[in-house]
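# Structural description and commentary
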Amino acid sequence: MKTNKLSTTVIEAIQDKKGTSICHIDLSRIATAPASEFIICQGKTPTQTTAITDSIIDKAREINGRKPDSVNGIRNGQWIIVDFGEVMVHVFTPEFREFYNLEDLWSDGEVNQIPDLD
């Protein structure tokens, strides 16, 4: 799996807050993709998705000196997007993840599942 340092940091931040079903999609070969990489994960509740998002933002700033370009969806916590430009992170509740099914939508990219820690 090809990941950059920011992606590795994001995945670790997700795992720190017990995020599950982490998927990394390399979109670098798709000219129309909105980012080079997607990282998709889920939390059980909106409270957990918000905690995962906070962890991602904090670790990216601490380890990589990066702040996201934008963060959307914090208010409802069911689908939060953290946009770092080349890396876009999607944090879902299970129902919203199943409904939007981004892994299928972007299956032209290289899709890699990251094993859960538990």
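These remarks concern the structure in this document. What you see is a predicted model; the values in this text were computed from it and never measured. (Residues numbered from 1 in each chain as written. Predicted model: local features only at pLDDT ≥ 70, side-chain atom pairs only at ≥ 80, totals over all residues. Heavy atoms only, no water.)

### Examining the overall build of the protein
The number of helices and strands found in the protein is four helices and six strands. Counting from the amino terminus, the protein carries its helices and strands in the arrangement α-β-β-α-β-β-β-α-α-β. Expected size for 118 residues packed as a compact globule is a radius of gyration near 13 Å; at 13 Å, the protein falls within 12% of this value. In terms of its C-alpha atoms, the protein occupies a principal-axis envelope of roughly 35 × 35 × 30 Å. Residue burial in the protein is summarised as follows: out of 118 residues, 45% are buried. Considering only residue pairs separated by 6 or more positions, the protein has 61% of its internal contacts joining residues 24 or more positions apart. Carbon together with sulfur atoms contributes 49% to the accessible area of the protein, which is approximately 6400 Å² in total. Averaging the positions of the 12 positive and the 18 negative side-chain charges in the protein gives two centres separated by 6 Å. (Helix = DSSP H or I, 4+ residues; strand = E, 2+ residues; numbered from the N terminus. Rg over C-alpha atoms; globule rule 2.2 N^0.38 Å. Buried < 20%, exposed > 50% of the residue type's maximum accessible area, 1.4 Å probe, protein only. Contact = heavy atoms within 4.5 Å. Areas by Shrake-Rupley, 256 points an atom, 1.4 Å probe, with all protein chains shown as cover. Lys, Arg positive; Asp, Glu negative; His and termini not counted. Charge placed at Lys NZ, Arg CZ, Asp CG, Glu CD.)

### Let's talk about unusual backbone geometry
Positioned with a positive phi, Ser21 is a non-glycine residue whose angle comes to about 50°. Among the structural elements, Ser21 can be located in strand β1 (residues 20–26). For Asn101, which is not a glycine, the phi torsion comes out positive at approximately 45°. If you trace the backbone, Asn101 turns up in the loop between α3 (94–100) and α4 (102–105).

### Section: the pattern of salt bridges
For the structure shown, the criterion picks out four salt bridges. A salt bridge links Arg66 to Glu86; the nearest nitrogen and oxygen atoms lie 3.0 Å apart. One end of the pair, Arg66, is in the loop between α2 (46–64) and β3 (70–72); the other, Glu86, is in the loop between β4 (79–83) and β5 (87–92), and 20 residues separate them in sequence. Arg66 gets classed as partly exposed once you look at its relative accessible area, which sits at 25%. For Glu86, a relative accessible area of 30% translates into the label partly exposed. Across the pair Arg97 and Glu103 runs a salt bridge whose closest N-O atoms are separated by 2.3 Å. Exposure remark for Arg97: the relative accessible area of 7% places this residue in the buried category. Residue classification places Glu103 among the buried residues on the basis of a relative accessible area of 15%. (Salt bridge = Lys/Arg side-chain N within 4 Å of Asp/Glu carboxyl O.)

Functional significance is not addressed by these values, which are geometric in nature.
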